[in-house]
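Understanding the architecture of this molecule
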Amino acid sequence: MTLIGISGALFDFIDDPWKHVGREWEAARFEPDGLLVIEDGIIKDRGPRAALEPRYPGLEITHIKDRLIVPGFVDGHIHVPQTRVLGAYGEQLLPWLQKWVFPEEVKYKDPDYAQEGTRRFFDTLLASGTTTCQAFTTTHKVATETFFEEASRRNMRVIAGLTGIDRNAPDYYVDSAENFYRESAELIARWHRQGRNLYAITPRFAMGSSPEMMQRCEQLKKENPDCWVNTHISENPAEIRTLLSLHEDCSDYLGVYEKYGLVGPKFSGGHGVWLSNAEFSRMSQKGAAVVFCPCSNLFLGSGLFRLGRATDPSSRVKMSFGTDMGGGNRFSMLNVLEDAYKVGMCNNTLLDGSVNPALQDVSEAERNKLSAYRAFWSITLGGAEGLYIDDKIGNFEPGKEADFVALDWNGGPPATAWHQSIAFAGERPETMEEAANLLFGIMMVGDERAVDETWVMGQRLYKKSAA
C-alpha cells in the first residue's frame, strides 16, 4: 500500500449551495492549511494539517503552496472527435454538423487518426483541470475502444459509448441500428466498469435516430440496466420542429426518449435550452439530468438555458455542466463558468433593464445568479451528482477517488494578479469568504492558465510549465 499526503489550501463541498440561499458558504468547506491523506489513490483522511499530521508519523507530504486545491472538474458533455474543429466558424447546430463535424468525425475510423486525436483530447482535458468527463465518440467502434484505452492508461474516471445515428446525417457517417446494437453490446462487455470506465448507451440525438435505432437503445438499456444513457435534448428550435414532425405521437422532445424507456436515473440530456416546464418537472420526477453547456449554446446561437428553472426546489433537476467542445469553443470548465454566469444574468433582464416577464417569479431570478459557491459546486460535487458518480468523486470525503486540481489564483491574462490582490491582505486566503472571492476571480478573469497542477488517483498527471 502507498500512503501519501497532500497539503495546502483545500476547498470542497458537502452540499448543494442552491439549498442554502443567503448562506451558501454552509455548503462548502475550507481548510487554509489542510491535509489530504491518500492511500492507493483513495482519500483516507482529510482535515487541518496541524491536527491530522501527527496521526501519520513518517508520512511523505507534498506541499502545494500558494494554490487553491479543489476537486477535479467534471465535464458532463463533450465530444472527443471534435477536438480539431474547435471554434469552426459561422453556423447554427444543424448546418454546423454537416459542414464541419461529420467530415471530421469520420476520420476517426482510422485507428492512427483516432489515437492521435484522442491523445490530444486527454492532454488538453488535463491541462484544463478536468479529471472526469462524459463523452461522445463516433459511430466507429475503433474510436470508442481508443477512448477507453487512453482513459485507462491515464487511470481517469470516464463515461462514454458508441454513438448511434442512422438518419439526418451523411451516408458516409451513419450506422445501422443492428450494427450499433451488436457493437455496443460488445463494448459494454469489454469496458463497462473495467477500471474507472463506465459505459453510456448513446443515441446521438433523437432527430438522428430512427425508431429502429431507438428500439435498439431501449433493448440495450433493458439488458444492461447499470449502464448510463447519454444524448442531446432540446438544443435548437429547428431540431425540435424536425423531431416532432417525425414523432407525431409525442408532444415534446423528452417524450421521444420516454417512449423508448430511456429517461430515468443515469440519463443525461445535453443542452436543454428549450425544455418546457412540463419537461423539467418530468425529468425531476424520474431522476434524469440535464447538462448545461453555455459556451456551446452561445457559440451556436442555440439560446439561453434557464438555470433558475432547473434549480427550482419544487421540481429540482439533477444537473451537470459541460463544455460541449467543439460546439463549445473551450476545453476549460472555468470558461464554462464564465459564460454560465453571463447567461444567468442575461436571463434576468430585458434589453431595457426591466425584469424578464418569462421568469416564473422573483425566486427564479435569484437562482439564475451564479456565485462562486454555486459555480464550483456545479463542476465538482454537483457535476458528479448529475452523473450519479458522487459516491466515487466530487469532494474530499474519505473513500473517494483522489482527483484534484491546484489552481493558481493569479494565473490568466496580465490583469489577473492585480484584480485578485483585492481578495485578501496576507500571504494566503485565511477565510472561506477570501477563498470564494479568489475562485470567483479565477472563473471571471482567469482561464485555463489558472490550472497549475492536475492530479488523478493521487498521481500528478499535469504540471503547468514555467514558460
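Preceding block: the structure.
Described below are features of the structure shown in this document. (Residues numbered from 1 in each chain as written. Predicted model: local features only at pLDDT ≥ 70, side-chain atom pairs only at ≥ 80, totals over all residues. Heavy atoms only, no water.)

**Concerning the sheet that holds strand E3 (residues 42-48)**
Taken in spatial order, the 7 strands of this open sheet run E3-E2-E1-E4-E14-E15-E16, and their pairing is mixed. Across the chains shown, the open sheet's two edge strands, defined by having one partner strand only, are E3 and strand E16 (459-463). Pairs of neighbouring strands in the sheet enclose a mean axial angle of 35 degrees, with direction left out of account. (Pairing = 2+ DSSP bridges. Helix = DSSP H or I, 4+ residues; strand = E, 2+ residues; numbered from the N terminus. Axes fitted to C-alpha atoms, helices over the stretch in contact; angles between N-to-C directions.)

**Quick notes on the packing of helix H5 (residues 177-191) against helix H6 (residues 211-223)**
Two elements in contact, H5 and H6, have axes whose closest approach is 9 Å; the angle formed by their N-to-C orientations is 20 degrees. Accordingly, the angle class assigned to the pair H5 and H6 is roughly parallel. For the element pair H5 and H6, the recorded crossing hand is right-handed. Residues Ala 177, Glu 178, Phe 180, Tyr 181, Ser 184, Ala 185 and Ile 188 of H5 touch H6, and the partners they reach there are Glu 212, Met 213, Arg 216, Cys 217, Gln 219, Leu 220 and Glu 223. Per-class residue counts for the contact of H5 with H6 are 8 nonpolar, 2 polar and 4 charged. (Parallel < 35°, antiparallel > 145°, perpendicular 65-115°, else oblique. Left-handed = near helix turned anticlockwise from the far one by under 90°. Contact = heavy atoms within 4.5 Å. Nonpolar A, V, L, I, M, F, W, Y, C, P; charged D, E, K, R; others polar.)

**Looking at the pattern of salt bridges**
Following the criterion strictly, the structure yields 41 salt bridges and no others. Its salt-bridge partner being Glu 53, residue Arg 49 comes within 3.1 Å of it at the nearest N-O pair. Residue Arg 49 is classed as partly exposed on the basis of its relative accessible area of 22%. Judged by its relative accessible area of 32%, Glu 53 falls in the partly exposed class. Asp 447 is the partner of Arg 449 in a salt bridge, and the nearest nitrogen-oxygen pair spans 2.6 Å. On the accessibility criterion, Arg 449 (40% relative accessible area) is partly exposed. In the salt-bridge network here, residues are joined through shared partners; they are Arg 67, Asp 408, Asp 452, Glu 453, Arg 460, Lys 463 and Lys 464. (Salt bridge = Lys/Arg side-chain N within 4 Å of Asp/Glu carboxyl O. Buried < 20%, exposed > 50% of the residue type's maximum accessible area, 1.4 Å probe, protein only.)

**Here we look at the packing of helix H12 (residues 333-348) against helix H17 (residues 432-444)**
Taken N-terminus to C-terminus, the directions of H12 and H17 make an angle of 90 degrees; their axes are 7 Å apart at the nearest point. Of the possible angle classes, the one that applies to H12 and H17 is roughly perpendicular. Here Leu 334, Leu 337, Glu 338, Tyr 341 and Lys 342 of H12 lie close against H17, whose contacting residues are Phe 440, Ile 442, Met 443 and Met 444. Along the lines of polarity and charge, the residues of the contact of H12 with H17 split into 7 nonpolar, no polar and 2 charged.

**Section: the pairing of E3**
In regular strands, side chains alternate between the two faces of the sheet. With 6 bridges connecting them, strand E2 (residues 28-39) and E3 associate as antiparallel partners. Paired with Leu 35 across the bridge in E3 is Gly 47. The antiparallel hairpin formed by E2 and E3 contains 2 residues in its connecting segment, where Asp 40 sits at a positive phi of about 50 degrees.

**Notes on unusual backbone geometry**
Here the bond from Met 325 into Gly 326 is cis, since omega is 5 degrees, no more than 30 degrees from zero. As for its placement among the helices and strands, Gly 326 is situated in the loop between strand E13 (318-321) and H12. Even without being glycine, Met 457 reaches a positive phi, approximately 50 degrees.

**With respect to the nonpolar core**
Within the largest apolar cluster, 110 residues are counted, with the highest numbers of intra-cluster contacts made by Phe 11, Phe 121, Phe 147, Tyr 257, Phe 321, Phe 376 and Leu 407. Top contributing element to this core by residue count: H17, with 7 residues. Once residues within four sequence positions are removed from consideration, Phe 121 is found in contact with Ile 78, His 79, Val 80, Thr 83, Cys 133, Phe 147, Met 325 and Phe 331. (Core = buried A, V, L, I, M, F, W, Y, C linked by side-chain atoms within 4.5 Å.)

**What about the packing of aromatic side chains?**
All chains considered together, the criterion is met by 22 aromatic pairs. Relative to Phe 440, the ring of Tyr 341 has its centre 5.5 Å away and its plane inclined at 75 degrees; by these criteria the two rings are edge-to-face. With Tyr 341 in helix H12 and Phe 440 in helix H17, this pair connects stretches of sequence that are 99 residues apart. Here Phe 440 falls in the partly exposed class, since its relative accessible area comes to 29%. (Phe/Tyr/Trp six-rings, centres within 6.5 Å; stacked < 30°, edge-to-face > 60°.)

**Let's talk about helix H9 (residues 277-286)**
Among all positions of H9, only Glu 279, Phe 280 and Met 283 are buried. The buried residues of H9 occupy an angular sector of 100 degrees when the element is viewed end-on, so they sit on one face. Buried residues in H9 make contact with helix H8 (253-259), strand E11 (267-271), strand E12 (289-292) and helix H11 (307-310). Trailing H9 by a residue or two, Gly 287 shows a phi angle of about 75 degrees, which is positive. (Arc of directions from axis to C-beta.)

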